[in-house]
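Okay, here's what each chain looks like letter by letter:
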Amino acid sequence: GCNMKCLYCYYHQEDQGQIKVISDEVLRKLIVKTLAFSDLDPVQFTWHGGEPMLAGISLYERILLIEDELKGNKKIENHIQTNATLISKKWAKFFAQNDFKVGISVDGPEQVHDRCRLLKNGQGSFKLVMLGLENLHAVGIQPGAIALVSKASLGQEKEIFDFFVNAGIKRFLLKPCYELSPIGEPTEFSVSSEELSRFMINMLEIWLEKDDPSISV
């Protein structure tokens, strides 16, 4: 489930209905099998969706209890990928106290982000995202970000790069928007391979000119 209705989302046309939350029984099985299977140190769990924060803090409190009970001598690292619109001070404090690694979804400055990333009421989500980011920064969390490169991003490379740097986001992943319509044609927000190539080359040149190795693109 999700609290947003992004125009380019492959679930955009679907009625999500009632949101169901994973049961403790399934969680326990999932964690047991992952701990047995993974040879990573630490073992990493990434909670995502949809919007994973809709499940509520109580779910993640139970996750931490089950992990603590089952981990034995293994270390566990929890990650969450969120649209950031629901990150209150309470949520930010919870993430900080429990060492969650947080990734947020934001496409760039307001004029780019709000072109596609809309709330269910049709309004842009940018201001809520920035409030969530502010709450994370207040507790010392420096999130990474995923940005979708859509038609709205083209020609905005400098504005997008500067936005992330000025917002204190030093790690951002650029992913191409390429969704197909029901008849198999690229949607109006999708970028072609040529458009994406030009965008990424321009972004690379901006990054090289900035010459700051602490910025990861």
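Up top you'll find the structure we're talking about.
Below you will find a few notes about this structure. Quantities reported herein were computed from a predicted structural model and do not represent experimental measurements. (Residues numbered from 1 in each chain as written. Predicted model: local features only at pLDDT ≥ 70, side-chain atom pairs only at ≥ 80, totals over all residues. Heavy atoms only, no water.)

## Overview of the pattern of salt bridges
Put simply, the rule reads: Within this document, salt bridges are pairs made up of a side-chain nitrogen of Lys or Arg and a carboxyl oxygen of Asp or Glu, the two lying within 4 Å of each other. Each residue gets one of three labels from its accessible area relative to the maximum for its type: buried under 20%, exposed over 50%, partly exposed in between, using a 1.4 Å probe on protein chains only. Helix numbering and strand numbering both begin at the N terminus, where a helix is a DSSP run of H or I of at least 4 residues and a strand a DSSP run of E of at least 2.
Evaluated as defined, the whole model comprises eight salt bridges. A salt bridge links Lys-71 to Asp-68; the nearest nitrogen and oxygen atoms lie 3.4 Å apart. Among the residues examined, Asp-68 registers a relative accessible area of 51% and is labelled exposed. Taking the shortest distance from any N to any O, the salt bridge between Lys-151 and Glu-195 comes out at 3.2 Å. Of this pair, Lys-151 sits in the loop between β4 (144–149) and α6 (157–166) while Glu-195 sits in helix α7 (residues 193–210), placing them 44 residues apart in sequence. Residue classification places Lys-151 among the partly exposed residues on the basis of a relative accessible area of 37%.

## Here's the deal with helix α1 (residues 24–37)
Heads up, the condition is: The length a helix should cover is 1.5 Å for every residue beyond the first. Working definition: the arc comes from the directions between the helix axis and the C-beta atoms, pointing outward to the latter. The contact definition used throughout considers only heavy atoms, calling two residues in contact when any of these lie within 4.5 Å.
The end-to-end C-alpha distance of α1 is 20 Å, a good match for the 20 Å that 14 residues give at a rise of 1.5 Å each. Inspection of α1 places Leu-27, Ile-31 and Leu-35 among the buried residues, and these make up the whole buried set. The arc that holds every buried residue of α1, seen down its axis, measures 55 degrees, which confines them to one face. Exposed side of α1, more than 90 degrees from the buried face: Glu-25, Lys-33, Ala-36 and Phe-37 are the residues found there. Looking at the buried positions of α1, the neighbouring elements they touch are β1 (43–47), α2 (57–70) and β2 (76–82).

## Quick notes on the pairing of β1
Heads up, the condition is: Paired strands, as defined in this entry, are two strands with at least two bridges between them according to DSSP. When the strands point away from the viewer and the path from the first strand over the helix to the second turns clockwise, the crossover is right-handed.
Residues Val-43, Phe-45 and Trp-47 line the buried face of β1, whereas the alternating positions Gln-44 and Thr-46 sit on a face that is not buried. Sheet topology places β1 next to β2; five bridges connect them, and they run parallel. Residue Gln-44 lies in a different strand from β2, and its bridge partner there is Glu-77. Handedness of the β-α-β unit built from β1, α2 and β2 comes out right-handed.

## Re the pairing of strand β5 (residues 172–176)
Where β4 lies against β5, five bridges are found, and the strand directions are parallel. If you follow Ala-145 over to β5, its bridge partner there is Phe-172. With respect to chirality, the unit in which β4 leads through α6 into the neighbouring parallel β5 is right-handed.

## Structural notes on the sheet that holds strand β3 (residues 101–105)
For the record, the criterion: With axes taken as lines fitted to C-alpha atoms, and helix axes fitted only over the stretch in contact, angles between N-to-C directions fall between 0 and 180 degrees.
Spatially, five strands are ordered β1-β2-β3-β4-β5 in an open sheet, and the strand pairing comes out parallel. On the outer flanks of this sheet lie β1 and β5, each paired with one strand and no other. When the angles between neighbouring strand axes are averaged without regard to direction, this sheet yields 20 degrees. Here β2 pairs with β3 via four bridges, running parallel. When the sheet's bridge partners are listed, His-79 is paired in β3 with Lys-101. Each of β1 and β2 is contacted by α1, which is oriented at about 145 degrees to β1, the strand it contacts most.

## Overview of the packing of α6 against α7
Think of two packed helices as two axes; the pair is described by the angle between the axes and how far apart they sit. Put simply, the test is: Small angles under 35 degrees read as roughly parallel and large ones over 145 as roughly antiparallel, with 65 to 115 read as roughly perpendicular and the rest as oblique. The crossing is said to be left-handed when, going from far helix to near helix, the turn is anticlockwise and less than a right angle, and right-handed when the turn is clockwise. Residues were grouped as follows: Ala, Val, Leu, Ile, Met, Phe, Trp, Tyr, Cys and Pro as nonpolar; Asp, Glu, Lys and Arg as charged; and all remaining residues, including Gly, as polar.
At a minimum axis distance of 9 Å, the contact between α6 and α7 shows a crossing angle of 50 degrees. Classified by the angle their axes make, α6 and α7 are oblique. The handedness of the crossing between α6 and α7 comes out as right-handed. Each of Glu-157, Lys-158, Ile-160, Phe-161 and Val-165 in α6 lies in contact with α7, whose residues at this interface are Arg-198, Phe-199, Asn-202, Met-203, Ile-206, Trp-207 and Lys-210. When grouped by side-chain class, the residues that make up the contact of α6 with α7 number seven nonpolar, one polar and four charged.

## Topic: α6
An α-helix turns once per 3.6 residues; consequently, residues spaced three or four apart project the same way. Every buried residue of α6 is accounted for by Glu-157, Ile-160, Phe-161, Phe-163, Phe-164 and Val-165. Of the surrounding elements, those touching the buried residues of α6 are α4 (110–116), α5 (126–138), β4, β5 and α7. Looking at the residues trailing α6, positive phi occurs at Gly-168, about 75 degrees.

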